[in-house]
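Next come the chains, spelled out residue by residue.
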Amino acid sequence: MGEAMLPLEARALTVRFNGHTAIEDVSFSLDGAMPAVILGANGAGKSVLLRVLHGLIAPTSGSVTWSGANERPRAQAMVFQRPVLLRRPALANIEYALAVNGIGGAERTARAREALERVGLSHLAHRQARVLSGGEQQRLALARASALRPRVLFLDEPTSSLDPTASADVERIVGEIRAGGTAIVMTTHNLGLAKRVAGEILFLHAGRLVERAPAQSFFNHPRSPEAAAFLEGELPWSVSSPA
Ligand SMILES: Nc1ncnc2c1ncn2[C@@H]1O[C@H](COP(=O)(O)OP(=O)(O)OP(=O)(O)O)[C@@H](O)[C@H]1O
Ligand SMILES: [Mg+2]
């Protein structure tokens, strides 16, 4: 892990499901220097876009390339909107992910324990992952992703179902992961979270990248009417996607 692979280039990405367009002609480049937040209303296409970037969904057209290489590098990890944990104890969930990524022996155990420690779950190492609370599961998912020491970490609504204390914990942990040199790409519909975390904003509306700007200028002076309406709270839900 740790190959130089940024910037990530998304070129003319379009994703259709049975004629329904989820993402329409989205292009951008990410160099990982600042945390990038993909912001938009429910249904705007944020999760689909993140899955395409992570290589889990093939775009209907367009491409995602990492530093010119046309395949998914290993030095990336994703935390899903709903944590996907195995029917195993917490520690074993992390060890399994490390094993799948070719990390074995003493290093596997050490990294897994260190990752659990970082998210404050050492005392739950041997509890079944699926009986953990929602907040604990989210922290475990973060621990598992960060144990891979990815160059890029994709986070899909990492705090959407958490109480304020658990959300603050997750934000702090994300900050620590970032301080360790991992580039952060996060989706959210939560303005407060976006303001606290984002270096830059990619604003999605009905599957289109309507605006991209440094966070401060986005929040102070949105250029698109869609972003302005979203910031005013006039666009709580995405009404419809194009086509
Ligand atoms: N596998 C799929 N098959 C069909 N339609 C899909 C699929 N995945 C997503 N969609 C549709 O694509 C659109 C965008 O979904 P997406 O999950 O990306 O929204 P989102 O911006 O992440 O919303 P939220 O804020 O609610 O998480 C939605 O209309 C959704 O129903
Ligand atoms: Mg989503």
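Description of the structure in this document. (Residues numbered from 1 in each chain as written. Chains lettered and ligands numbered in written order. Predicted model: local features only at pLDDT ≥ 70, side-chain atom pairs only at ≥ 80, totals over all residues. Heavy atoms only, no water.)

## Details of the sheet that holds strand 3 (residues 36-39)
Taken in spatial order, the six strands make up an open sheet running 5-6-7-3-8-9, and their pairing is mixed. Edge positions in the open sheet fall to strand 5 (76-79) and strand 9 (208-214), since each of these has one partner strand only. Taken over all neighbouring pairs, the strand axes of this sheet differ in orientation by 15° on average, direction set aside. Examined bridge by bridge, strand 5 and strand 6 (residues 152-156) share four bridges and lie parallel to one another. Of the residues in strand 6, the one forming a bridge with V79 is L155. Those strands touched by helix 4 (residues 134-147) are strand 5 and strand 6, and its axis lies near 175° from that of strand 5. (Pairing = 2+ DSSP bridges. Helix = DSSP H or I, 4+ residues; strand = E, 2+ residues; numbered from the N terminus. Axes fitted to C-alpha atoms, helices over the stretch in contact; angles between N-to-C directions. Contact = heavy atoms within 4.5 Å.)

## Concerning the coordination of the magnesium ion (ligand 2)
Every protein donor of the magnesium ion (ligand 2) is listed here as S47 (OG) and Q81 (OE1), and their distances to the metal cover 2.0 to 2.4 Å. Pair noted here: S47 is in helix 1 (residues 46-54) and Q81 is in the loop between strand 5 and helix 2 (90-100), with a separation of 34 residues, a long-range link. (Donors = N, O, S within 2.8 Å, 3.2 Å for Na, K, Ca; no water.)

## Describing the pattern of salt bridges
According to the stated counting rule, one finds five salt bridges in the structure shown. Between R149 and E114 there is a salt bridge, with the nearest N and O atoms lying 3.2 Å from each other. Pair noted here: R149 is in the loop between helix 4 and strand 6 and E114 is in helix 3 (residues 105-118), with a separation of 35 residues, a long-range link. Among the residues examined, R149 registers a relative accessible area of 43% and is labelled partly exposed. Look at E114 and you get partly exposed, because its relative accessible area is 40%. (Salt bridge = Lys/Arg side-chain N within 4 Å of Asp/Glu carboxyl O. Buried < 20%, exposed > 50% of the residue type's maximum accessible area, 1.4 Å probe, protein only.)

## Regarding the packing of aromatic side chains
In this structure the tally under the stated criterion is four aromatic pairs. With centroids separated by 5.8 Å and ring planes inclined at 35°, the aromatic side chains of F203 and F218 adopt a geometry described as tilted. In this pair, F203 is assigned in strand 8 (residues 200-205) and F218 in helix 7 (residues 215-220), connecting sequence segments 15 residues apart. Like F203, the residue F218 is buried in the burial classification. Considering the side-chain rings of F218 and F219, the 5.3 Å spacing of their centres and the 85° angle between planes classify their relative orientation as edge-to-face. Residue F218 is classed as buried on the basis of its relative accessible area, which comes to 0%. Clustering of aromatic rings is evident, with ring pairs tying together F203, F218, F219 and F230. (Phe/Tyr/Trp six-rings, centres within 6.5 Å; stacked < 30°, edge-to-face > 60°.)

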